[in-house]
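Residue-level structural notes
For reference, the chains in residue letters:
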Amino acid sequence: MTSDVPKLMRIEALAARHEPGPPAALPLPDAALITRYERVATAVVSDVLREHALLDQAFPGSLQALRPERTVAGFAFTVKSSPNTRITGEMTIRGQMLDALGKDAFVVWDTSSDARGTMWGGVMTATVVAKGVRGAVIDGGIRDTAQILARDFPIWYRYRSPNGSLGRCQITHYQIPVRVGDVFVRPGDVVLADADGAVCVPREIVVPVLERAEEILGNEERIFAWVEEGQSIAEITGKGGYF
């Protein structure tokens, strides 16, 4: 806990949530976990999160998929920026952030509701693709769209603009918990994104959520088969099916 917090305040639980340590180890290899997540849909994962009473894990519906045909999963690498006219220091922290990015990361960028600059472009895309980054959720602007598409990099974003970031916004932190819309995202959480949008799965439940999502996929295959056989609504719901 930070030393400037009065001793009579009890905020240990809050500090643990908002200033967590390194992500805990997972019982499955990273590559296997990501591969299995990319076989399920965000809608199914959202339903499983609802079973855990987690109703605010979907990123804002205003975010658009540049590659809606892609389903992508990875581990959250968070970035925080804010509108700022200051230029000095931006390239330094941006370089440090890029150096810290690694294989299988999924960038989640909280722009503090910036609506003028763009946080992402062609050079950023080339850099992260070379590092094995899986995708990005940018709650703000992107540019160099043709260059991003040429790299086949999956990104979910709020708007496009030719405006760059220098003189308009500045990175303040990375790899800290951030909030995008209703979603509280911590480094190392799992992000899954597809044509419907993106969801965040808290790291401590990524395996049970995945296993339940796979179970639901099997259930829905049976429901689709019953529908194609011409079974009635009553027959299907009588066997536990749903619509």
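First, a word on what this report is: a plain description of the structure on this page. (Residues numbered from 1 in each chain as written. Predicted model: local features only at pLDDT ≥ 70, side-chain atom pairs only at ≥ 80, totals over all residues. Heavy atoms only, no water.)

Let us look at the overall build of the protein. When helices and strands are tallied, the protein shows eight helices and eleven strands. For the C-alpha atoms alone, the extent of the protein along its principal axes is close to 65 × 55 × 30 Å. Within the span of the protein, comprising 243 residues, buried residues form 44% of the whole. If you take every contact in the protein between residues at least 6 apart in sequence, the share linking residues at least 24 apart comes to 76%. With the model as given, the accessible surface of the protein reaches about 12,400 Å², and the carbon-plus-sulfur share is 53%. Seen as two clouds, the 26 positive and the 30 negative side-chain charges of the protein have centres 7 Å apart. (Helix = DSSP H or I, 4+ residues; strand = E, 2+ residues; numbered from the N terminus. Buried < 20%, exposed > 50% of the residue type's maximum accessible area, 1.4 Å probe, protein only. Contact = heavy atoms within 4.5 Å. Areas by Shrake-Rupley, 256 points an atom, 1.4 Å probe, with all protein chains shown as cover. Lys, Arg positive; Asp, Glu negative; His and termini not counted. Charge placed at Lys NZ, Arg CZ, Asp CG, Glu CD.)

Let's shift gears to the layout of surface pockets. In this structure, the largest pocket occupies an estimated 290 Å³ of space. Forming the boundary of the largest pocket are 16 residues, of which R94, G121, V123, M124 and R143 lie nearest the centre. Sorting the residues of the lining of the largest pocket by element identifies helix 4 (90-100), strand 4 (118-120) and helix 5 (122-130) as the ones contributing at least two each. Per-element accounting of the lining of the largest pocket gives the leading share, four residues, to helix 5. Of the residues in the lining of the largest pocket, the class split is seven nonpolar, six polar and three charged. (1 Å grid on protein atoms, 1.4 Å probe; cavity = no way out; pocket = protein on both sides within 12 Å on 5 of 7 lines; lining within 4 Å. Points joined across faces, edges and corners; volume = space filled by probe spheres on them. Nonpolar A, V, L, I, M, F, W, Y, C, P; charged D, E, K, R; others polar.)

Below, the discussion takes up the pairing of strand 3 (residues 105-110). With six of its six residues buried, strand 3 lies for the most part within the structure. Both faces of strand 3 are covered, namely the face carrying A105, V107 and W109 and the face carrying F106, V108 and D110. Alignment of strand 2 (residues 72-83) against strand 3, held across six bridges, turns out to be parallel. Bridge pairing in strand 3 places T78 opposite V108. As for the winding sense of the linkage, the β-α-β connection from strand 2 through helix 4 to strand 3 is right-handed. The pairing of strand 3 with strand 5 (residues 135-142) spans four bridges and is parallel. If you follow V107 over to strand 5, its bridge partner there is A136. (Pairing = 2+ DSSP bridges. Right-handed = clockwise from strand over helix to strand, strands pointing away.)

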